[in-house]
Structures are given as structure tokens and as C-alpha cells.
Amino acid sequence: MLLVGRVRRSAAAAALLHPIRPPPAPFRTTTTTTTDASSSSVPDPEAVAAEVATLLSRCSGDWKLAIASSDLPSRLSPAAVSHLLLRCHSSPRLHPKLLLDFFYWSRPRLAPSAPAIDSFAHLAVSLCAAALFPQANGLLDQMIRAYPAPPLVLGSVHRALAVSLHDRSPAVLDVLVDTYKKAGRVRDAAEVVLLMKGLGLAPSLRCCNALLKDLLRADALDLLWKVSGFMADVGISPDVYTYSTRIEAHCKVRDFDAAKKVFEEMREKGCSLNAVTYNILIGGLCRSGAVEEAFGFKKEMEDYGLVPDGFTYGALINGLCKRGRSNQAKCLLDEMSCAGLMPNVVVYATLVDGFMREGNADEAFNIVKEMSAAGVQPNKITYDNLIRGLCKLGQMGRAAKILKEMGRLGHMADTITYNLVIEGHLRQHNKEEAFCLLNEMRNNGISPNVYTYSIIINGLCQIGESVKAGDVLEEMVAKGLKPNAFVYAPLISGYCREGSFSLACEAFKKMTEANVIPDLYCYNSLIIGLSKAGKMEEAIDYFTQMQEKGLRPNEFTYDGLIHGYSMTGNLEKAEVLLQQMLNSGLKPKDFIYAHLLEGYFKSNDLEKVSSTLQSMSDRGVMPDNRIYGIVIHNLSRSGHVQVAFRVLSVIERNGLVPDSYIYNSLISGLCKTADLEKAVGLLDEMAKKGVEPGIVCYNAVIDGLCKSGDISHARSVFNSILSKGLLPNCVTYTTLIDGNCKIGNITEALDLYNEMLAREVSPDAFVYSTLTAGCSNFGDLEQALLITEEMLRKGYASVSSFNALVHGFCKRGKLHETVKLLHVMMDRDMVPNVLTVENIISGLDEAGKLNEAHTIFVELQQKASQCAMSQFSSLLMDMIYRGLIPLDVIHNMIQSHCKGDLDKALVLRDALLAKGALMCCSSYLALVDGLCRKGKLTEASNLLKEMEEMGICPSEHQCMTLLNNLHTSGFIQEYNKIFDTMLCQKWLQKESKICNLVGNNLEAVNAE
């Protein structure tokens, strides 16, 4: 029972309170001695208190003036004040308000000392007895500040109540609890209430209800249930407000079964239900998504005779909008109008947000018009909801207009608003506009916050600009903002995606140095990124570190590591991690098994594939189409098509319907084994099972038919695609074009090319290369050139695409066109490769013009850009070393270079000798001629000696040709020297006619 009459201290209460004693008065005391030196003793506090009481009781005027004119101020002490306050029940009796005034008057004069704790309590009890509750609240506030421990304070109040002569109403208990709450000490308030049970005390029902509500607001649900239990224990009967708070507490933790039990308890106890109680339950159900059940309570509420109010409808509208049922929510507006209720701005804003979340921007704007017509002006939240929705829909233009309209209507955009628009632009990969808005924010005096920088950093990382994101992070720190884990995590992840692992590790290091604790996402980003790159040693280091920091790896951590080890072929470590994962209580998801299966297929370990599938089944992880797809795809690709079909049977036995990926894998496998009839039959089987064959399946069949040379059948399958309404893609056309080109049906290939252009299917580089090769191989060089020009315009041209055309021109002996084409290539920094050179040689050889191949190579070496020329020369040297260029071509190149670029000729000569090949006589003589013309007579003579040593003997005609060329060109000294050398080496005979002719020339020269 509640304490209403005399407060009795029970034995248990006495035992509880026994150790709690008031502390010594916090002031100095001086004990009197038994000597005669009484004049030096401290004034008796009780006597001083009696004098003050007498003065206060007799003073009809200003008691402060009366005290000031006496010697009492000099004798006043904290102990005297305490005695005075304790005299509130003694003669002369003083009004508690007068005592309170004296108390406040004395405080500054005696500071920092405070009266004894019991003096506070006695006066507080007297004030409450006099119904001076605000004054009692102020006094108790000073009491709990001076004596912070709640048990100490309650014990003092209990003692004061025990000796009180007033109507001992426990109102002071309510005021004490209220005082703690007003001081922001709601948990201490609950502690005081719970301590009352042991003292036989209890606050009022009103006080308990208010405390329950405050505990609910503070999320102190543990204490809420204890106070609720206390009420039941001491016999405080709950009322509708008690029950409502309990229901709301259950709803807050989503324990709706318990909430409904409390609801039923109310009915059983005969407690009248009101709209508030229903609204609390309806609101809780709506927030949890149980909208239908909420509507059931609305109907029950109406059946009970209660009228749903604005809160009821607001909660239901919010619940419907959150569940994507905004149209139904809008219907409730009409119901509200019929009930005479005016929707407020919150209800309208909820509907706007609901329609925006559903992508229905037009309806959201209609709601805004409707609310304006109803006299409800949109607020900033409404505009923010519009902007948020438009940004998610990618309608950035409309979002910008709303942003301007807000300012015009007096709703100033803040950081939240700008963040929404900046995030929207970054979602559209429009970083320029995002940074413009960032500058606009600053110009308008709106400071970006941590979240602003977070979305910019995340947005930049999503578009592959992590380095720029790193600069933004540096700017953020420079402006005094402290990044958190949510800022660092996308940056680390972005660096990893872009392969900048050193930057990712550096960002992680900076994070820890800034005392920002990395979370699991940060570690996972690094571990997964490093694992994908095969950097398993570094990944394991971070894996170990995160566990040392107390972070527990999750499925994604293990998935990254298992994927990495599977990809790098270290399946043993992958299996160890899987076991470690199982031991930690985590259940591997199917994607982890998928990585293992891929690894086993890569190592061709079909036994492990089988055992993994079995272990999945044993652990209750049933393979789905994704897992079976991996198995069938790899089996089909590796030629185990029959095994793949057995797996297909398992899928069907398990009640699964194979998807198009599985069928496509099977079709591709059948096409590789040339079982085209069965492959085509699978298309019909798919249709029967309700799996619509996609273009990928048809492409596989067409590819198989084309490779088998059955182009007509491939064309008929292609036609069936069109009849089914499927759109052929680039792969479809490329496959058919390639097939037709290989059989020489260039006209059909070109028709297909034109058809794909008409259907706006963009050709890729392979289509152009295929057509160029087809046209070149079958002589339509003009068409091949047109296609090449189109390739160049589209930017698809490559060395390989030119090679076929080069071969076509060479095969038909068109040297001029070949050289022109090669210059076009090299002007675009496309240097000919080995195949280009081989195509030139083989083509000219077919045309019977191999002896002219050197002219092409020499011109490219002499007239190309420096960079291209250097690369092409290196290629030629490499091919010479490898024996890929005929010796005749090399000799012709040497002889041609001797007439222009002697250095290149010498390099070719060195390459031949390094290869162990012999120089021909003509090449030697061409080099001698070239050296003579360069004034390098010694080197020329050395070459002639080398010829003699090699046993190479030129004919008289060859010798005469060299000498005549030197003589005609005016190289007389060189002429004489070479002539003498030839005589010495007996390549020329003195008696010969040629020798006489040369001698005559010498005499003529000497005469001159």
C-alpha cells in the first residue's frame, strides 16, 4: 500500500538504511573545552539558531535589516543554519517559505559550505506540505547537487518524513523524482524510485507514468521495465497512460506480440482504451511494415466508439508509403476530409516522399499542388523530399529548378539539401556539376560537412577517379573536418578496384594514424582487392591484423581470400580457410563454393568438383542454377558434354528449371563437338520448358553452323530469330559475316553489314577486320579500302585489320598501293608487325615480284617518322635474326640503302654476319661503292680484303661497273685505290681489254 498516513520504518528498511549515515556537516566545527577559556569557544549553533528563529518570528518588517543590525551575521555558521531548518517543527514555528528565504539569504555568506543533508530534507518536506512544490523542487535541486548519491538523498528524505508533524503526504517523493529528471538524471530518478520499495515508500501514479515516459524517450528500457515491475510490487494500479507507455516500449523493440498482450490486459482489467493507446499500437505496426494489421486496429478503434484522428491517418499513410503503396495512401486523404480532418504538412510531405520513392515524380508534384490549394504550404522537408526523389530518378534539371524555387519562397537550402543534389550529380557521373554545387554552397555561407565530403569521395571512386578522391580527403582534413571510417572505406575500395594497392595501403595507414578505427568494411575492401589481384601474402597480413584488432571476419572476408587462392591455384589454402570459416560458425554461401569449383575446374580436378557438390548438400546448401551453371559450363567447354548432360538430369530431378546460361553452355559444347543437330534440338526443348532462348543461345548455334560450313542453315536460324521478335546483336552479325567471308560470299557478307547498320547495331573492330580480310582475299580491293576508311573514322583500325589488305595488294603486285597503305598505318602510330612483313613477302612472292619486296621495306625505313622508323627497323632486325626474311630480300635492301642510307646498309650487313649468313658479291661491291662515296676508303679496302678472305671473287664486269661508277662520279682517288686492289687480288688482269681501258682512263686523269 502507498504511504498516506504515518510513515513507518520497517525492520528491513532500518537494516537497509543503517549503513547510510548523513556525512559530517561540510563545515568546520571547534569543540569547546572544559577550561575557563569559554571566551575562545565557537558560538553554540543551536543557540544561534534559536536567536534567529526568535528574530524571524517577531520581526514584522524587513528581517534582513534586523539581522544585519545585530551581531548574528558574525556568529552564523552552516551548523546554525542546519539547526534552524531542523526547527521547522519546534517553537517558535516558522513558515517554511520564510525558512527557505533565510536559507537562500545565508548561502552566499557561508559558501562553499552547505547545511547538513537532513536540514534540506526537513525543509523540503515542509514546503511540500505547504503545497509550495516549485520551491521544494528548487531546494531539492540544490540538495542533489550538494549530495550526488541518490541512496543518501532518499534516506534523508525518509528520515524527514518519519518525524514530520504535517499531513505526511508523500508529495515530496514526486518532487524529488521530478527534480532528478529536470537535472537530466533520469536514470538516477529511476534508481530513487526503485530504492523506495525497501523503505515502504512509493511515488504517485502520475509520477510513475511521467518517469516511464521519460525512460522511454531516453531509451532506458531496462529501467523502464524495472519501474513497471516496482509499480506492480507496491500496488500502484496502472491506468491508461501506464499501459500506453508499456505498449509503446514494446513497439519500440518491435515486440508486437507483447504489445498486444498489454492491450488485452487493459481490456481484462477494465481499463478504458483511448485514441492515444490505439495510435501508439497503429504507429508501431506501421513502422514495422505490418500495415494490414494496423488497419485492423483502426477498424477495432472505430468499433469501440473512438474516432481516428490526424495521428492515426498520418501513421497509416506513412506505413503505406514505406511499403510502396502510395496510391492507396493518397486515398486516405479523402477519408480524412470526410472525417473533417485537415492533413498537415507532415502528411503531405510523407506522400511526396512515398511517390518519389516509387519513381512517380508527376504524382508527387500533384500532391504539392493539392497541398498548396488546401492552404498548406510546402516546408523545407517537402522540398528536400522532392529533390531527393528527382536526384534518384536522375532528373537533375528538375532538381536544380526546385533548388532555385526553394530560395525564392524563403526556404533556404542547407547542407542536407546540397548533399542530396551533389550526390545525384555524382550518381550520374557528373563530377563537374557536383563541384560547382560545392562552390555554390561555400559562396552561400553553407559549410560542407563530413557527409558532403563522404559522398564526393565515394562518387569519385565509383567513376574510377580515386586519386582525385584522395585530394578531396586532404582538403577535408585541411579544413578541420575529421574523416571517419565511412569516408576512408570507399577510398580504400576505389584504390583497390583501380589496382592502386600502394595508395590503398597508404590510405589505410593514414586512417589508423589519425586514430580512426578501421571497420570490417575497410579491412574487407583491402583483403578482397588484394585477393583479386593475386596479392595473397598482403591480403593475409590484413586478415591477421583485423583479427588481432578484435574484428571477426564475415562471409565476404572469407569469400575474398578463398577466391584469391582459388584463382592463383592454391586450392589447399582455400580449403583451409573454408574449414576455418566453418569452425567459426559461419555458413558458406553458394558464391564461396562457386569460387572453389572454378578453381577445381581450372586445375582439371573433377573429383574435387564432385566432392564439393556433395559437401554442399551435406551442409544443407543446395546448389542452384548458378552453381550448376558453373559446372555445366566448364564441363561443356572442356569437352565433357555427356557428363554435362548428366548434371542437367540432376538439376531436373531436384525440381529446378535450367536457365538460359545452362542451355547456352550445353549448346556451345555440342557445337564444339559438331553435334549440331542436338544443339538445334535444345532450342526447341528450351521453349517447351518455358525457358525462352536468348540471343546468346542462338548465337552459339549460328557460330557452330558457320564453323561447320553450313552457312545456309545458319542463315535460316538467323531468320527465325527475327521472326520471334528477337534482335540480333553484334555477335550474331559478326558470326554470319565471318562465315560468309570465309566461303567467299562477300556480297552476302556486305549485305549483312548494311543490314546491321540499318538496325543500328554498331559494328565492332572484328566485323571491319573480317570484311577487310574477306574483300582482300577475294580481290575486291576497292571495297576493302572503303571499309578500311570507315574503320579509321570509327577509330577501330589496328595493325591486324591492315594486314589482310596489305596481303591483298601485294598478292596482286600493287606495290604503290601497298606502300601508300603502310604509310597511312604508320602515320597513325600503327607500326607493322611480323605478320605485316610476312604478308608483304608472301603476297609479292605469289605475284612473282619478290625481288621488289625490298623497295617497300627501304622506303618505310627512310620515309616514316623517327619513332615508327626505329620500331620498324628493330622488327626487321629481329626477323632477320630469326630467319624470317629471305636472303635475296635482305641483299636487295643492302644494295638499295647503299645508295641512300649507308648506315642502315651496314647494320643489315652486320645482322647477316651475326646470323652466320654470307654476303653476296653484289652486296659487298655496293657497300664498297657506298663507303668510297663517303670518303671511307680504308673501310672500303677492308671490305675488299674480306671478300678475298671469304673467297668471293667478282667478275671483270662487276669490277668494271664499280670502277666506272666511281670514275664517272669524280671519286678519282678512290677509283685508283680500288683499281690497284683489284689488280693485286687478281680480279683484273693487266693484259685484258678491260684493264687497258681502265689504264687509259688513269692516263687521261693524270694528263688533266
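Computed from a predicted structure; not experimentally measured. (Residues numbered from 1 in each chain as written. Predicted model: local features only at pLDDT ≥ 70, side-chain atom pairs only at ≥ 80, totals over all residues. Heavy atoms only, no water.)

Quick notes on the overall build of the protein
Helix and strand counts for the protein stand at 57 helices and zero strands. For the protein, the C-alpha radius of gyration of 49 Å lies well beyond 30 Å, the compact-globule estimate for 1008 residues. Along the first, second and third principal axes, the C-alpha set of the protein runs to 170 × 85 × 65 Å. Burial analysis of the protein (1008 residues in total) assigns 48% to the buried set. Element-wise, carbon and sulfur atoms account for 52% of the exposed surface of the protein, whose accessible area totals about 47600 Å². (Helix = DSSP H or I, 4+ residues; strand = E, 2+ residues; numbered from the N terminus. Rg over C-alpha atoms; globule rule 2.2 N^0.38 Å. Buried < 20%, exposed > 50% of the residue type's maximum accessible area, 1.4 Å probe, protein only. Areas by Shrake-Rupley, 256 points an atom, 1.4 Å probe, with all protein chains shown as cover.)

Some details on the pattern of salt bridges
Inspection of the entire model under this criterion finds 46 salt bridges. One salt bridge connects K689 with E685, and the closest N-O pair in it is separated by 3.3 Å. Between D878 and R882 there is a salt bridge, and its shortest N-O distance comes to 2.9 Å. Exposure remark for D878: the relative accessible area of 33% places this residue in the partly exposed category. One network of salt bridges, in which partners are shared, links R715, E748, E755 and R759. (Salt bridge = Lys/Arg side-chain N within 4 Å of Asp/Glu carboxyl O.)

A closer look at unusual backbone geometry
The backbone phi angle of D219 is positive, close to 60°, even though this residue is not glycine. Positionally, D219 belongs in the loop between helix 12 (205-217) and helix 13 (221-234).

Brief notes about the packing of helix 18 (residues 310-322) against helix 19 (residues 326-338)
Viewed as axis vectors pointing N to C, helix 18 and helix 19 meet at an angle of 165°, and their least axial separation amounts to 8 Å. Here helix 18 is positioned roughly antiparallel relative to helix 19, judged by the angle of their axes. For the pair helix 18 and helix 19, the crossing hand works out as left-handed. Of helix 19, the residues touching helix 18 (which contributes G310, Y313, L316, I317, L320 and C321) are S326, Q328, A329, L332, L333, E335 and M336. Broken down by class, the residue content of the contact of helix 18 with helix 19 amounts to nine nonpolar, three polar and one charged. (Axes fitted to C-alpha atoms, helices over the stretch in contact; angles between N-to-C directions. Parallel < 35°, antiparallel > 145°, perpendicular 65-115°, else oblique. Left-handed = near helix turned anticlockwise from the far one by under 90°. Contact = heavy atoms within 4.5 Å. Nonpolar A, V, L, I, M, F, W, Y, C, P; charged D, E, K, R; others polar.)

Considerations on helix 46 (residues 799-811)
The terminal C-alpha atoms of helix 46, which comprises 13 residues, lie 18 Å apart, in line with the 18 Å expected from a rise of 1.5 Å per residue. With respect to burial, helix 46 is a largely interior element, 11 of its 13 residues being buried. The complete set of buried residues in helix 46 reads V799, S801, F802, N803, A804, L805, V806, H807, G808, F809 and C810. Looking one or two residues beyond helix 46, the residue adopting positive phi is G813, at roughly 70°. (Expected span 1.5 Å × (residues − 1).)

A few points about the nonpolar core
Nonpolar side chains in soluble globular proteins tend to be buried together. Grouped together as the largest cluster of nonpolar side chains are 248 residues, with contacts concentrated most on I667, I737, I856 and F857. Ranked by size, the runner-up nonpolar core spans 74 residues in total, among them I67, L139, L199 and L216. (Core = buried A, V, L, I, M, F, W, Y, C linked by side-chain atoms within 4.5 Å.)

Some details on the packing of helix 15 (residues 256-268) against helix 17 (residues 291-303)
Running from N to C, helix 15 and helix 17 point in directions that differ by 10°, and their axes come no closer than 14 Å. In terms of their interaxial angle, helix 15 and helix 17 are classed as roughly parallel. Crossing geometry of helix 15 relative to helix 17 is assigned as left-handed. Here K260, F263 and R267 of helix 15 lie close against helix 17, whose contacting residues are E293, F297 and E300. The residue inventory of the contact of helix 15 with helix 17, partitioned by class, reads two nonpolar, no polar and four charged.

Remarks on the side chain of E363
Of note, E363 is situated in helix 21 (residues 361-373). Residue classification places E363 among the buried residues on the basis of a relative accessible area of 15%. Once you skip the residues sitting within four places of it in the chain, E363 turns out to touch K330 and F355.

Regarding the side chain of N699
With respect to the helices and strands, the residue N699 is situated in helix 40 (residues 695-707). Not counting the four nearest positions on each side in its chain, N699 is found in contact with N729, V731 and T732.

Section: helix 42 (residues 730-742)
Along its 13 residues, helix 42 runs 18 Å from first to last C-alpha, staying within 8% of the 18 Å computed at 1.5 Å per residue. For helix 42, a buried count of 11 out of 13 residues is recorded, marking the element as mostly surrounded by other parts of the structure. The inward-facing, buried residues of helix 42 contact helix 40, helix 41 (711-723), helix 43 (746-758) and helix 44 (765-777). Between a side-chain oxygen at the N-terminus of helix 42 and the backbone nitrogen of V731 the separation is 3.1 Å; the capping residue is N729. A positive phi of about 85° marks G744, the residue just after helix 42. (Polar contact = N/O pair within 3.5 Å; in protein donor to acceptor, adjacent residues only side chain to side chain.)

Some details on the packing of aromatic side chains
Applying the stated criterion across every chain, the model contains 14 aromatic pairs. Measuring from centroid to centroid gives 5.5 Å for F102 and W105, while their planes differ by 35°, and the two rings are tilted. Of this pair, F102 and W105 are both found in helix 6 (residues 96-110), three residues apart, which corresponds to roughly one turn of the helix. Owing to a relative accessible area of 1%, F102 belongs among the buried residues under this scheme. Ring geometry for Y278 against Y304: centres 6.3 Å apart, planes inclined by 50°, an arrangement best described as tilted. Within this pair, whereas Y278 is found in helix 16 (residues 275-288), its partner Y304 is found in the loop between helix 17 and helix 18, the two being separated by 26 residues in sequence. The partly exposed category is assigned to Y304, whose relative accessible area is 43%. Pairwise contacts between aromatic rings join F263, Y278, F297 and Y304 into one cluster. The ring of F645 carries the charged tip of K678 above its face, separated from the ring centre by 4.1 Å. (Phe/Tyr/Trp six-rings, centres within 6.5 Å; stacked < 30°, edge-to-face > 60°. Lys NZ or Arg CZ within 6 Å of the ring centre and 35° of its normal.)

Concerning the confidence of the model for the protein
Mean pLDDT for the protein: 83, with 92% of residues reaching 70 or above. Contacts of residues 1-40 to residues separated by more than four positions or lying in other chains number 53 contacts, the stretch itself having pLDDT below 50. (pLDDT = per-residue confidence, 0-100.)

Some details on the environment of E51
Tracing the backbone shows E51 in helix 2 (residues 45-58). Taking relative accessible area as the criterion, E51 reaches 34% and is therefore assigned partly exposed. C-alpha separation for the pair E51 and Y768, spaced 717 residues apart in sequence, amounts to 116 Å. Dropping the residues within four chain positions of it, E51 is found in contact with L72 and R75.

Describing the state of the cysteines
Evaluated as defined, the whole model comprises zero disulfides. C522 carries a free sulfur, and the closest cysteine sulfur to it, the one in C496, is 11 Å from it. Looking at the unpaired C730, the closest cysteine sulfur is the one in C741, lying at 14 Å. (Disulfide = S-S within 2.5 Å.)

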